[in-house]
Every structure is written in C-alpha cells, then in structure tokens.
Amino acid sequence: MIISVPPPNTPPTLTVTNPNITRGHLCNPTRPSTTVTVTPADFGASASDAEDGTLPVTFDDGSTSKTVTLTLAQPSATLTLKVEDSGGLMATATVTVTAEVENQPVNNPPSVTAQDYDLGHICVGTGSGDLTYQVTVAPADFNPVYSDPDGDPQAGPTTFGDGSTSTTVTLTLPAGVASQTVEVPVTLKVCDDPSGRNEPDCEPMQSLCGETTVYVRATLHRNNPPTITASNANLGQIVGCLVDGSFQTTQPISLETFDASATDPEGDPVSLSIQGDISQLTFVGPGVVTLPVTLVATDDPSERTNGTCEPMTSTMTVYVSVQVVYNFVGFFSPLDTTRATIVKRGSTVPVKFQLYDCNGNQITTGQHRISVDYLSGASPNGTPEVTDAGSSNDNTWYFRYSDGQWIYNLKTNTSYLLNSTYIIRAHLDDGTTHEVHISIKR
C-alpha cells in the first residue's frame, strides 16, 4: 500500500520596510482632526512563501486599504498587516500611521507712536463770535512709527481711523476769547501683514490693526481794530489877526482838545495820534469856522500773538470850531453903554464903534448890520424904521467905515414912540452882536 504524504508547508514571510509613516496634518487648536487612507504598500509591505511564491498583503480584516481618523488627542493609529498562504498559514506585522501636528501661529496687534502736530500761532481774523481755522493734514504730519510685537511688516500705509490718508481739521476760537490754544484729536491707524508666518497646515492669520490718538494743535488769535472815543471841540471866541490880507487865528490842538482816548477789544497796547501829526490849525474868519481833524488809533498785537497778527487801525473824524472875532471897541459918545441914552425924537443918533485885530490893527472892511427893536415903554405901534441919515445913506442897514470908525447915523422919526426904550444892535460879520439902549423923549 502506497501512502501519499503531502509535501511540507512553511509559513509565509511578511516584510515591512516602513512600519511607521506620517500622513495628514493636524493644527492645534484650529484643525483638531484629519482623515487619512493608507494601503499596505504605504508601509513598504511585501510577502512571499516557499511554496506559493509572492503573496498579497492585506490588513487584518482582509481589506487592501484602511481609512482612519487622527485627532489631537490621538494623533497616531496602530494597524495590523496580514499575509496568508494557500495552506492557511499566516504572518502578521504591526504598523503605525501618525499625523503631523502643528501649533496655530498667534498674531498680536501692532502699535503706532506719533507726535502731535503743532501749528504754532495763527491769526484767525476779526469779529466777536466763534472764529474757525481749517487745515488739511496727512498721517506723515505726525511722524508715525510702526511697531509689531511679532515682527510682522506693516500692511499698507498709515491712515487715519476711518482709513483715509488725509483729513480736514477745524479749530475753533470761542466767541469773546482773544487768544487760546486749541487742539483737536485725530486717530492714526496701522495694520500688520502676518502672512509670512502662516503655517500651511493651519488657518491663515488675519491682519490686525492698532490705533493711537494724536492732536492737531494751534494757538489761535483774533484781532479787532481799536475803538476811539472823542468829542467835537469848541475853542470859543478868539480875536483874529490880519495876516496877508486874511483875518485868521492859529490855535494849538492836541488829543486833549477832543478828550480823545482809545481802547482795544483784546487789551493790546494802542497808540493814538492826530493824522498828519498836526499840532495847530489856522481858522480863517471872520465868524465861526469849523475844521475836521482825523484821529488815528493803531493797536500792537505782536506780543500777544507772537507776531502773527498785523496791527489794526481805526480812524475817527472830529471837528474843532472857533469863532474868529474882532476886538470890538464902542459904542462911542453920545451913546452910553452903561444905561439908556436919552434921545430926542426926530434927532439923529450916531452909532459908532471901532474894530481891531489881535495886534491892534484896525478892521476897515466887512459887512456889519444894524437893527433896532422895541424894548419897553408905550405900546408899540409897528416896527421902528432904520434909516441912515448920513451923507451916504445907500447902505440901508449896514454900517459904513469913515474917518477911522464904523458909523451909522440913525434917524429917529415918528416910528419911535415917546417915553419908550429901544435896543440898537450892531450885528458884525464875525457872528457877534453888540447892543446899546436909547430912550426916546419929546
């Protein structure tokens, strides 16, 4: 009897050249898990058998690929590779797949340091209300310096808080305030660029921004013209002098003549003068002469405004009056200036006087008028006639110059009532009036 003996069976050989492999990426804390799929070939696995030759390698469940989930808590997975020959003999090997773990980069905000922008002293204008000054500024005016704790470069230019690269600032000097330092806050902003530190297995970092507050500052000034206070002046009656054919008087004038003063709304020093530095005026008469004088006030804001405001000037026209008069001498006899002169009705009354200038020179020209008015006594009946009974009676109501005196021979006719008193007046062309009384008798 022949018994067949099966040939001997040796177990297969399983070879793994790379039992620990890295697959997938985890990022702490932004990517906490990842799923990877592996095959036996990923581990460099191969198998052979003396009887069967080359054999396929599978995982322990017989699959030719395996999908696993790796997490931050368990970033590695252990798998079993298996090979089985035709005789049912097996060989196994343990392999590991591990995910690469990275930490999420941290981005900190940048900062910016800068200096206030000081415009110095500015003369804004005039007026008593709010005054404004506008200036357009750029971030560079504040000398900004960028800094980032992570060393990231700056993303884009430095801007203002709203993202603009220029802004207009309004500085306001409050109403009624002469000078004041005013400042307005502005915000500067910088942003970083962290992209150079991004990890490929992590979420990209977002740009962060930092801000700082700086100020636009200026000392604002207003400057209004000074105010002049003065009054017209009347120097009264002054005897004139004959100078080159004119009758005149020259009088000194000064600020005191007009009680003049000046004040400044902002309290700055003020100089007050007469325009043209006039110290005297000539009044050509006779009569009332009025001349204009211009007062000039100029302030000096240089100390208060650091020289930024120009001086302001105000003018005011005032008037000075003088009555340029004659030196009146009279009335002469027979008239009595101390009491009423008794005159017989129908007689002629010589009304005489002399006129002199300031140096004693006689005045021989002019228009000097006579008038007669009832004063008291019998009831008046009409107006007394004024008639010159002299050798030349064509002057009507005007005195005539004759023999070194001014004369009017007044004829007292029946229009002059008995027992009545009359006022004789000499109206000179210098504006003065001189009077004497006569009493009419039978």
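Everything below is about the structure printed above this text.
Keep in mind that what you see is a predicted model, and the values were worked out from it rather than measured.

### Re the overall build of the protein
Next up, step 1: Assigned secondary structure in the protein consists of 1 helix and 34 strands.
Next up, step 2: The globule rule puts the C-alpha radius of gyration for 442 residues at 22 Å, and the 62 Å found for the protein is more than 25% above it.
Next up, step 3: Along the first, second and third principal axes, the C-alpha set of the protein runs to 220 × 45 × 30 Å.
Next up, step 4: Only carbon and sulfur atoms are counted for the fraction: they give 47% of the accessible area of the protein, which is about 22900 Å².
Next up, step 5: Averaging the positions of the 19 positive and the 46 negative side-chain charges in the protein gives two centres separated by 32 Å.

### So, the state of the cysteines
Next up, step 1: Using the criterion set out here, one finds 4 disulfides in the structure.
Next up, step 2: There is a disulfide in this structure between C191 and C209, and the S-S distance comes to 1.9 Å. Because the torsion about its S-S bond is 95°, the bridge between C191 and C209 counts as right-handed. Linking C191 in strand β16 (residues 179-191) with C209 in strand β17 (residues 209-222), this pair joins segments that are 18 residues apart in sequence.
Next up, step 3: Since its relative accessible area comes to 16%, C191 is described here as buried.
Next up, step 4: Each disulfide pairs two cysteine sulfurs, and for C241 the partner residue is C358, the sulfurs being separated by 1.6 Å. Between C241 and C358, the disulfide has an S-S torsion of 120° and is therefore right-handed. Taken together, the residues span a long stretch of sequence, with C241 in strand β20 (residues 241-243) and C358 in the loop between β29 (348-356) and β30 (369-376) at a distance of 117 residues.

### Regarding the side chain of Q104
Next up, step 1: Structurally, Q104 is set in the loop between β9 (90-103) and β10 (111-113).
Next up, step 2: Q104 gets classed as buried once you look at its relative accessible area, which sits at 15%.
Next up, step 3: Within the local environment of Q104, its side chain forms a polar contact with the side chain of T30, the two groups lying 2.7 Å apart.
Next up, step 4: A distance of 2.9 Å separates a polar side-chain atom of Q104 from the backbone oxygen of E203.
Next up, step 5: Dropping the residues within four chain positions of it, Q104 is found in contact with C27, N28, P29, T30, C202, E203 and M205.

### Details of the environment of T294
Next up, step 1: Position of T294 relative to the elements: it lies in strand β25 (residues 287-299).
Next up, step 2: For T294, a relative accessible area of 21% puts it in the partly exposed group.
Next up, step 3: Along the chain, T294 and G276 lie 18 residues apart, while their C-alpha atoms are 8.6 Å from each other.
Next up, step 4: The contact partners of T294, leaving out residues within four places of it in the chain, are S273, I274, Q275, T315, M316 and T317.

### Comments concerning the sheet that holds strand β11 (residues 117-125)
Next up, step 1: Strand order in the open sheet formed by 4 strands is β11-β17-β16-β14, with mixed pairing between adjacent strands. Unpaired on one side and paired on the other, β11 and β14 (159-160) mark the two borders of the sheet.
Next up, step 2: Where β16 meets β17, 13 bridges bridge the pair, whose relative direction is antiparallel. In the sheet register, S179 faces β17, and the bridge partner there is H221.

### As for the side chain of S321
Next up, step 1: Summarising the element assignment, S321 is placed in strand β26 (residues 313-325).
Next up, step 2: The exposure class of S321 is buried, given its relative accessible area of 14%.
Next up, step 3: Non-local contacts of S321, meaning those with residues more than four positions away in its chain, are made with A233, N234, L235, G236, V289 and T290.

### Here we look at the packing of aromatic side chains
Next up, step 1: With the rule as written, the count across this model stands at 11 aromatic pairs.
Next up, step 2: Their ring planes at 35° and their centres at 4.8 Å tell us that F247 and Y326 sit as a pair that is tilted. Placement of F247 in strand β21 (residues 246-252) and of Y326 in the loop between β26 and β27 (327-330) is noted, with a sequence separation of 79 residues between them.
Next up, step 3: Ring plane angle 70° and centroid distance 4.9 Å describe the contact between F353 and F399, whose orientation is recorded as edge-to-face.

### Some words on the pairing of strand β34 (residues 433-441)
Next up, step 1: Pairing of strand β28 (residues 341-344) with β34, which is carried by 4 bridges, proceeds in the parallel orientation. The residue bridging I342 from the neighbouring strand is S439, located in β34.
Next up, step 2: Sheet topology note: the strand β33 (residues 420-427)/β34 ladder contains 8 bridges and is antiparallel. Note on β34: the bridge partner recorded for A426 is H434.

### Describing the environment of R304
Next up, step 1: Mapped onto the secondary structure, R304 falls in helix α1 (residues 302-305).
Next up, step 2: In this structure the C-alpha to C-alpha distance between R304 and L14, which are 290 residues apart in sequence, comes to 101 Å.
Next up, step 3: With sequence-adjacent residues up to four places away left out, R304 is seen in contact with A178, S179, H221, R222, N223, E266 and D268.
Next up, step 4: A polar side-chain atom of R304 sits 3.0 Å from the main-chain carbonyl oxygen of R222.

What counts, and where the lines are drawn
Residue indices begin from 1 for each chain and proceed along its sequence in written order. In keeping with the model being predicted, local features are shown solely for residues with a pLDDT of at least 70 and side-chain atom pairs are shown and tallied solely at 80 or more, while totals for entire chains, interfaces and linings include all residues. Each side-chain value is derived from all of the structure's non-hydrogen atoms; neither hydrogens nor water enter the calculation. Helix numbers and strand numbers start at the N terminus; a helix is a DSSP run of H or I with at least 4 residues, a strand a run of E with at least 2. With the radius of gyration taken over C-alpha atoms, the globule rule is written as 2.2 Å times the number of residues to the power 0.38. Per-residue and other accessible areas were derived by the Shrake-Rupley procedure at a 1.4 Å probe size, with only the shown protein chains allowed to occlude residues. A positive count includes Lys and Arg, and a negative count includes Asp and Glu. His and the chain ends are not counted in either. To locate a charge, the coordinates of NZ of Lys, CZ of Arg, CG of Asp or CD of Glu are taken. Put simply, a disulfide is two cysteine sulfurs that come within 2.5 Å. For every residue, the accessible area obtained with a 1.4 Å probe (protein chains only) is divided by the maximum for its type, and the residue is called buried under 20%, exposed over 50%, and partly exposed between those limits. Side-chain atoms alone can form a polar contact between residues adjacent in sequence; in general such a contact is a pair of N or O atoms within 3.5 Å, and within protein one must be able to donate a hydrogen while the other accepts it. Only heavy atoms enter the contact rule, under which two residues are in contact if any of them lie within 4.5 Å. Should DSSP find at least two bridges between two strands, the strands are taken to pair. Between the rings of Phe, Tyr and Trp (Trp by its six-membered ring), a pair exists once the centres lie within 6.5 Å; its type follows the angle of the planes, with under 30 degrees stacked, over 60 edge-to-face, and the other angles tilted.

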